[in-house]
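Take a look at the letters that make up each chain.
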Amino acid sequence: MNIIQHISVKPSLPATIGRLEELAYNLVWSWLPGAPDLFKEIDAEIWSATNHNPILLLSEAKQERLDQLACCDAYLGYYADVMRRFDEYMSTDALTWIHDRHPDKSEKVIAYFSAEYGLHESLPIYSGGLGILSGDHLKEASDLGLPLVGVGFLYPQGYFHQLLDASGWQHAHYDHLPFEILPVTPALGTNGQQVMVAVELPARLVHIRVWQIQVGRCKVYCMDTDVEQNSPADRQLSHRLYHGDEETRVAWETVFGLGGVRVLRALGLEPAVWHMNEGHSAFMGLERVRELVHHHGLIFSEAVEVVRSNTVFTTHTPVPAGNDTFSHELIGKYFSKFWGHLGIEQNEFLEFARQELDWQTRFSMTVLAFRLSGYANGVSQLHGSVSREMWQFVWPHTPPEEIPIQGITNGVHAATWIPERLQSLYRKHLGPRYMEEIHETQTWEGIEHVPDHDLWTAHLACKQDLNEFALQNLVRQGERLEDIPADLARGAPVLDPKALVIGFARRFATYKRATLLLHDVDRLRHLVNDPARPIQFVFAGKAHPADDAGKHLIQEIFRLARDPLSGFKGKFIFLENYDIRMGRHLVAGVDIWLNTPRRPHEASGTSGEKAALCGVPHCSVLDGWWAEGFNGRNGWAIGSDIAFQDENTQNEADALSLYEILETDILPLFFDRNADGVPTGWVRIMKEAIRSCAPRFSLRRMLHDYCHCLYFPAMETGHSQHSGNFERAVRLAAWMKFMRVHWPGVSFAGIRVSTSALTVGNPVQVEATVRLGSILPAETQVEVVVYRYGVDNSLELLSRQVLEYSGGTEGLEVYGGALHPQQNGNLGLGVRIRPTHPDLIALSHSGLVTWAEKSHLQ
């Protein structure tokens, strides 16, 4: 037979259920109560096979089934109820936090640039934690009515599917995703046509087509370079997440940053805040500088101040190797024409993002992002501290505690990650509005009133859901490998309903130490094979396609899980192709969430937060969010907050701590049951995990922090710098230039300190005499910085006090004041001069400071 044409025939939606397609194209269905079941009811088998893709489901469903449901009173009633909730959610009259509490901010657009978005398993444009966070960020912004728009890419090959061979070696498989089966539509510009923009790369233009994803009230605009005008290589720039060599990477990031700004311009959007989620999009700031230079006549330094005033940067990576850097040669190739448009020379362009690494001087995307951002944050309190140490060189002569990088701990979108059976239980005991008030501590006090039996029963049901999911996953794997164990073929349970099930699911990078628990294999083998106290470990996660070390970790666990002689068959379970769908089952269905990173390499982590919201206690190294979340009653801390320099010593200490916790704390508590079979002591920890973690680590709390600490201040400073034809930015840039020229003339002439021995509360008089040269006293701030020495001779910043100006003669200016130490111990005093200006977001942004020396003491 000679096929001459392929056509696709879709079923017709009856009028009575005609809005199902509208709902399918808005990802709010994925967290709107009842909406997933509305699609599942059409055909549960197709729903599962399509990985919960409602658009594909509606194209594959039988016409007879749709016609049947269109006449079914029960289904129509359910449909009407879901569509009512959908309309209420989407209504512009709906009361939301931003409109109710901050009406002046409700129309100010926030542009959120992220390389990946983990919105739903049927839309695989994410690889891991960064993307999941971005997806949750968009969802919560929608819930709050925050006018946030996402900018990213639509990857037709998405991230890879993980396939393990018979030896357990990971292979990456890529599918091509037809956009017709995805919840995407063309993004239309002001002319009504699909938006197309272009970015100049060496010797050619790259053309970019733009698509739109609706996420509740928010939109994500996704770029796509797979268009006919581009060369084959450029068409593949947006094919996959994080692929290619260094040159492909710099080309992709150039398209991301420059193209992302041009997309928003073509859409007629003028963001009040620009947010870079990680440094991949940092060229966005340079494109905005170019616009200001080209269209408004500003010079480079002035334009930088304007851009910095309303730009936010979130750094996620606490190790230098995880931050993108490029050679100066490669940057020169891609930006040789661009720095001319900025009005600067090559050396100034390269110096602006300079980072000295062990092997060479590099152009750092993270440094570029910091230079162009007035507001910056790490993703946990500990990560904020690590980042201030790590990036201190960007602000020389500034103590780490004063580096302008805040710590705002990640949270999770509760409606996405708490299964409906638990949400129903929470609504019953916490009230119907608990989700709207999830970030309030008092909301969760009622968890104590949930009967132990009810919470434990709900958890066992989640555990059974995980068992069924795991069985399907392992059977599919066995079919592909032509090796299905007989018990699985019979449908035997994967998870022992009586066993303690420990979950470990994350990216398989070496610093996450997936095999730490194998430090003493014999001890672990003895633990898991105790028939009175059975244990099972469920593993999941992908290694980066280029990370062979991570693949070997997977292979080691896989081998132990399948080898009948290892002692771990049936005790270790590895589920392949970790994604959002699997994650939802795991965080609710295991008994403990295990996390073993090498401190302080886990910037935040959110999977344990999701588990805690579901009543699954966390057992982890005190890293990332757990360093804040652990209270001694809501889970277990592996090791201590002291990190050893030697990795082997650290591994041994943490492994021994983990074994001790399992043997003496976890196992006795889990298997101690009352007459009804409920482990009441364990349930007490489950409740404390929910009560203590749900409000602190919700995305709602996180987004409130972003608004109050980053977004709203950036709106204010951005407005002030943009007003009056950028007059304030021009003045600030001129002042900064003057300061840099004349600051070498600033010095100390003398320091007097009244006493070095005193008691708590007694004053210490400090007087500083300084030479300012051409700089006015009103443009400077003289401060005393007080440190306390620890027993290990470490320094802890206690306080800062500004000295008052008392006049001067003959070029000498005098500043003085009294300190009132409130702590005893060995204190150290430092005195410094810094320039100050009302438009500086942080004094450290000037990069200028002069410290007094011991020789200045009089």
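Residues numbered from 1 in each chain as written. Predicted model: local features only at pLDDT ≥ 70, side-chain atom pairs only at ≥ 80, totals over all residues. Heavy atoms only, no water.

With that out of the way, let us pick up the pattern of salt bridges. Evaluated as defined, the whole model comprises 48 salt bridges. Its salt-bridge partner being E402, residue R800 comes within 3.2 Å of it at the nearest N-O pair. Here R800 is found in strand 25 (residues 795–802), whereas its partner E402 is found in the loop between helix 17 (381–390) and strand 15 (406–407), with 398 residues between them in sequence. For R800, a relative accessible area of 45% puts it in the partly exposed group. Each of E402, E783, R800, R832 and R834 takes part in salt bridges that share partners, so that together they form one network. (Salt bridge = Lys/Arg side-chain N within 4 Å of Asp/Glu carboxyl O. Helix = DSSP H or I, 4+ residues; strand = E, 2+ residues; numbered from the N terminus. Buried < 20%, exposed > 50% of the residue type's maximum accessible area, 1.4 Å probe, protein only.)

Further remarks concern the nonpolar core. Core analysis: the biggest nonpolar cluster contains 241 residues, and F349, F572 and Y711 have the highest contact counts within it. Once residues lying within four places of it in the same chain are set aside, the contact partners of F572 are L517, L518, L524, F537, F539, I557, L560 and A561. Residues L732, W743, F748 and V784 belong to the second largest nonpolar core, which totals 25 residues. (Core = buried A, V, L, I, M, F, W, Y, C linked by side-chain atoms within 4.5 Å. Contact = heavy atoms within 4.5 Å.)

Structurally, T780 is set in strand 24 (residues 780–789). There is a polar contact of 3.0 Å between the side chain of T780 and the side chain of Y815. Excluding residues that lie within four positions of it along the chain, T780 makes contacts with W743, L772, I775, Y815, I833, R834, P835 and T836. (Polar contact = N/O pair within 3.5 Å; in protein donor to acceptor, adjacent residues only side chain to side chain.)

On to the environment of H397. Note on placement: H397 falls in the loop between helix 17 and strand 15. When the C-alpha atoms of H397 and V849 are compared, they prove to be 6.7 Å apart, with 452 residues separating the residues in sequence. Setting aside anything within four residues of it in sequence, one finds H397 in contact with V849 and W851.

For the rest of this paragraph, the subject is the side chain of T443. Counting through the fold element by element, T443 comes out in the loop between helix 19 (420–430) and helix 20 (452–481). A relative accessible area of 10% means that T443 is categorised as buried. Only 2.6 Å separates the side chain of T443 from the backbone oxygen of E437, close enough to count as a polar contact. Those residues in contact with T443 that lie beyond four places of it in its chain are L430, Y434 and E437.

Pairing is parallel in the open sheet, where six strands are placed in the order 18-17-16-19-20-21. Each edge of the open sheet carries a strand with a single partner, namely strand 18 (572–575) and strand 21 (635–638). Here the strands of the sheet are splayed against their neighbours by 20° on average, with no regard to which way each runs. Packed on one face of the sheet, helix 20 meets strand 16 (500–505) and strand 18 and runs near 70° to strand 18. (Pairing = 2+ DSSP bridges. Axes fitted to C-alpha atoms, helices over the stretch in contact; angles between N-to-C directions.)

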